[in-house]
Amino acid sequence: TESNPLKRAAHKITGEPAATGPQDGVPGKPGPESPSVAEPTEPREPLPPKADQRGPATVSPTGQVTGVDQAKVAQGGAYLTTAQGVRLHDTDHSLKAGPRGPVLLQDHHLREKIMQFDHERIPERVVHARGAGAHGVFQSYGTASTVTKAAFLAEDVETEVFVRFSTVLGSRGSSDTVRDTRGFATKFYTTEGVFDLVGNNIPVFFIQDAIKFPDVIHAGKPHPDREIPQAQSAHDTFWDFVSLHTEATHHTLWNMSDRGIPRSYRMMEGFGVHTFRLVNAAGETTLVKFHWKPKLGVHSLVWEEAQIINGVDPDFHRRDLFDAIESGAYPQWELGIQTFPDTPDQMFEGIDLLDPTNIVPEELAPVQPIGLLTLNRNTSNFFAETEQVAFHVGHLVPGIDVTDDPLLQGRLFSYLDTQLTRLGGPNFNQLPINRTHVPVNDMQRDGYHQTAVHRGVAPYKPNSLDGGCPFAAGADAGAFVDVPVQLPESVKVRAQSETFDDHFSQPRRFWLSMSPIEREHIIAAYTFELGKCYEQAIKERNLQILANIDPVLCSKVAEGLGLPAPEPTVPLVDVQPSPALSQVGEVWPADGRMIGIVAAPDADLEGVAAVREAVLGAGMVPLVIAPTGGPLGSGGLKPQRTFTTARSTEFDAVLVAGAPAVGNDAYGARDAKANPTAGQSGPVDPRVVLLLAEAFRHGKAIGVWGGGDAALSAAGVPADAPGVVVGTSGPSTLEKLSRLMGSHRVWERFPTTV
Ligand code: HDD
C-alpha cells in the first residue's frame, strides 16, 4: 500500500518490523517471518527459489528451451541429506569407537562433508578479486539504432543485466575504500546472445599494450617477499613502474584524484575505455567510446574518511549497494556513446583513438544517451553469482565489434584464458550466471564440469548424420559477421605507433580541469603515496613526471616530501580544460543518502520521529543513533545505531537533537574517563563529539536543534560555519540541511591554496 519504495522497504536496513515486508525487493510480496529465538523443531520446505536460482536452460535439438530447477537439485526437501540424497539424522557427531574413542574411517558422511568443505574455495581473480554484484535491467532508448544494429539497443528493448563492481589490486577480503581504480563490468543477456561491457570507473589505462599487463599488476600488487601492502598503490614497486613507463601518467593522476576513492558504486561513472566499432544495418561503421553516467552524480570520499572506513567497515561499498537495492533506492546509470567517424587513421581532433591512455573531452564529442541501466535485485548467493560470473571483452553481439587498440587485442585473449583456472575448465559458460538467455547450439562438447546432456552424434559441420544441424546463419538471420576492415600495408614488428608517444598533454588537461579543492586532494594523494615509498630515487623520478604535468602540482608535492622540485623535461602543452571532468559544482539528487540522527532519551523525540519520516519521504535513509539499542521514550522510537556502533563515515549528513550527555550509558561514561580530552566540554558524550568533529572535518552538512549547539561547541564546530544549521525544530533543520546535500559536501570548508 505504501507508494514510496524506500519507505516501504527501509526496515531491511533500519531494522524495523515491516507491516507488509517485501521479499526479494518485490513490493507487496510478504517476506519470511523473523526467526524465533528458539531452535525450530518441525521440518519445513526451504524457501521457494528466487529468479536467479533457476538453473541453466536445457536446449533441445529443435531449439526449445526447458528450464531445470537448479534450486530443487541444490536445495530441496525439508530433511538434511548427504550429497546423494540419503537422509541423515546427525551431522554434529562423527562416528567413533565409543564417545571418547578415535573416529572411524568408515564415517562416509564425515568424509563427504569435509571433502566438500576442503574444496569450497576457488582461486580468486588475479585482478579485480574484490567485488560486489547485482542484477538489473537495461532499457534502450533506441537512439543508437542509426549507428548499430545490435538488437538490445533498438528502441524500447528491455534487457536483463548483471553488473559486478570491483577494486583492482586487493584480495577478495580486502577493504572497499582503498585508493584504486574500480571495475564496472556489465553482462547484457540480449536476445542475440551475451554482450559484456568490461569497463572501469576511470576512462584511461596505465599501459598501451596488453603485453605489459602482467608487469603493471606485479608492480601494483603487494611486494612478493612479505606480501605487503594489501590493496594499495602507496609502495615502491608501483611508483617505480609508473615512473619508468610514463604512459601510465594519465591513469595514475586519475587514481590520485577523488576518482580513486568513490563514495559509492552508485556514484561512479563507468567507461568502456577503448574505442569500439559499431556496425549498423547497412554495414556502415562508427567508432565509439562507451560511458556510464550515474543518475546520482559522481561523488567521492575524502581520504581520511576512506582510511577510517577501511577499519570500521571494510565492506562499505558492498553494503551500500546491497542496502540501497534492498531498500528500493535502485541505482541508475545512463549509457552514453561518444561517436567518431571510422576514418583510416582512427584519429579524432588530433587524438589517437586506438591509444587507451587518451580520453576525448566531452566538449569535443558529446556523450549521447542511448539507454538506462537500473540495478533492482540483489544476489541471493554471492558465490554462485558474483564470484562465478565470468566477463569477456570478446563476448560481442552483431553490431558491436572491437578495434585494433593493442590493449583491447590482448584482453581478447586473457579473459577466456583466466576462467580456465578460476572456474576449472571450459564449461564456465554453463554456470547459471554466465548462461545466455537464448538457445545455445555450439558443437562444443565434454570437458570438466559438463552439465549438458548433448544429443545427436555429429558435433561437426557439415554433417549428414544429424540432418545437417546446426545450420550456419547469415547476417540476415542475426549472425555475427566480422567487419571487413581495411588494414594498412605493414610489416611484422614489435613496435607501436609514434602517435602513442605523448604522455603528458592529456594528464595536463585533467589537472587544469580540476577545481582548486580537487587539486588539493590530488596534491595530498601524491604526497601521501610517494611519502610511503622508501626509495629516494623513486620519489625524485615521480617528481620529474609531476613537473611535466604542471609546476604547481610538482612544487606542492615536492614541498610535502621535503625535496627540491625539478624543472620540466618536456614543453608544457597549452591544452584546453574539460569542465566535464570536475566533480564539483553541480547539484545532484540526494536519493538514497544516509542521514544520522543523534538522539538521547531526553531529546525532542517527537521531532526526531518527524525528521525520520521526512527523510524517508525524501528518498533518503534515516538512521537513529542513541546511547543504547533500546527503544527511546514512550513512543518506542527504535534506534538503528548506538553511540558504540555508529561512526561518522556511514552518514552523508548528521542531525543532532539536543546534546546527549555523558553517562547516558556505562560505556559513554567510561570512554569519557579514559579519554578526557575527547569530551572537552564535559557533559556531551565523547562519541557524539567525535561524530560531529569528523563529520565537520569531512565537509558534511550538520544540523542541530533543541540544545544541540552545546554538542557543536563540545566538538569545536562553530555554529556559524558553512554547512552548519542551527534550527528551531527537527523538520525545519532537516529542510535546510537537505538543500546543502545536493552538492555532496560543504566544499567551502576545505582550504585551498592552488
Ligand atoms: Fe581486465 C578482470 C577491466 C585490462 C586481464 N578486468 C577485469 C575486470 C574488470 C576489468 C572490470 C573484472 C571483471 C569481473 O568483475 O569479473 N581490464 C579492465 C579494463 C582494462 C583491463 C577496463 C583496460 C582498459 N585486463 C586488462 C588487460 C588484461 C586484463 C590488458 C590482460 C592482458 N582482467 C584481466 C583478467 C581478469 C580481468 C586476468 C581477471 C579476472 C577475469 O579477468 O575474469 O583476465
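Each value, and the rule that gives it
Residues numbered from 1 in each chain as written. Predicted model: local features only at pLDDT ≥ 70, side-chain atom pairs only at ≥ 80, totals over all residues. Near = placed C-beta within 6 Å. Helix = DSSP H or I, 4+ residues; strand = E, 2+ residues; numbered from the N terminus. Nonpolar A, V, L, I, M, F, W, Y, C, P; charged D, E, K, R; others polar. pLDDT = per-residue confidence, 0-100. Contact = placed C-beta atoms within 7 Å. Buried ≥ 20, exposed ≤ 12 C-beta atoms within 10 Å, placed from the backbone. Pairing = 2+ DSSP bridges. Right-handed = clockwise from strand over helix to strand, strands pointing away. Axes fitted to C-alpha atoms, helices over the stretch in contact; angles between N-to-C directions. Parallel < 35°, antiparallel > 145°, perpendicular 65-115°, else oblique. Left-handed = near helix turned anticlockwise from the far one by under 90°. Core = buried A, V, L, I, M, F, W, Y, C linked by C-beta atoms within 7 Å. Domains from an automatic or database assignment.

(A) Representation of the site of the ligand in the model. Near the ligand you find 27 residues, and of these R125, H128, G183, V273 and S414 are the closest. Among the elements of the structure, β4 (158-167), β5 (182-190), β6 (193-200) and α11 (406-422) are those that each provide at least two residues to the shell around the ligand. Among the elements that take part in the shell around the ligand, α11 stands out by supplying 6 residues, more than any other. Looking at the shell around the ligand residue by residue, the classes come out as 14 nonpolar, 10 polar and 3 charged.

(B) Looking closely at the confidence of the model for the protein. In the predicted model, the protein carries a mean pLDDT of 91, and 89% of its residues have values of at least 70. This model gives residues 18-31 a pLDDT under 50, and the stretch forms 28 contacts once residues within four places in sequence are excluded. Considering only residues more than four positions removed or in separate chains, one finds that residues 677-681, a stretch of pLDDT under 50, has 13 contacts. Quick note on the complex model: pTM equals 0.93, ipTM equals 0.99.

(C) Layout of the pairing of strand β15 (residues 594-599). Of all 6 residues in β15, 6 are buried; the element is thus mostly enclosed. By the alternation rule, side chains of β15 split into M594, G596 and V598 and I595, I597 and A599, which are all buried. Two strands pair when backbone bridges link them, and β15 and strand β16 (residues 621-626) are joined in this way by 5 bridges, in the parallel orientation. By the bridge assignment, G596 is partnered in β16 with L623. Each parallel crossover has a hand, and the one from β15 via helix α16 (residues 605-617) to β16 is right-handed.

(D) Structural context of the packing of helix α7 (residues 249-256) against helix α12 (residues 505-513). In contact at an axis separation of 8 Å, α7 and α12 are set at 20° when each is read in the N-to-C sense. With respect to α12, the axis of α7 lies roughly parallel. Helix-helix and strand crossings are classified by hand; for α7 and α12 the assignment is right-handed. For the pair formed by α7 and α12, the contact residues are T249, H250, L253 and W254 on the first element and Q506, P507, F510 and W511 on the second.

(E) Region of interest: the sheet that holds strand β18 (residues 653-657). Strand order in the open sheet formed by 6 strands is β17-β16-β15-β18-β19-β20, and the pairing between neighbours is parallel. Two strands in the sheet have a free side with no partner beyond their single neighbour: β17 (641-642) and β20 (724-726). Bridge count between β18 and strand β19 (residues 701-705): 5 bridges; the pairing is parallel. Residue pairing in the sheet places V656 in a bridge with V704 of β19. Its contacts with the sheet place helix α20 (residues 730-741) against β18, β19 and β20, and it is angled at close to 170° to β19.

(F) Region of the structure containing the nonpolar core. Y526, L546, L553 and V557 are the most contacted members of the largest nonpolar core, which totals 98 residues. Considering each element in turn, this core owes the most residues, 6 residues, to helix α14 (residues 536-549). Composition of this core by domain shows at least three residues from each of domain 1 (131-430) and domain 2 (502-581). Excluding residues within four positions of it along the chain, L553 makes contact with W511, I522, I523 and L546. Counting residues in hydrophobic clusters, the runner-up holds 55 residues, among them I625, A626, A646 and A701.

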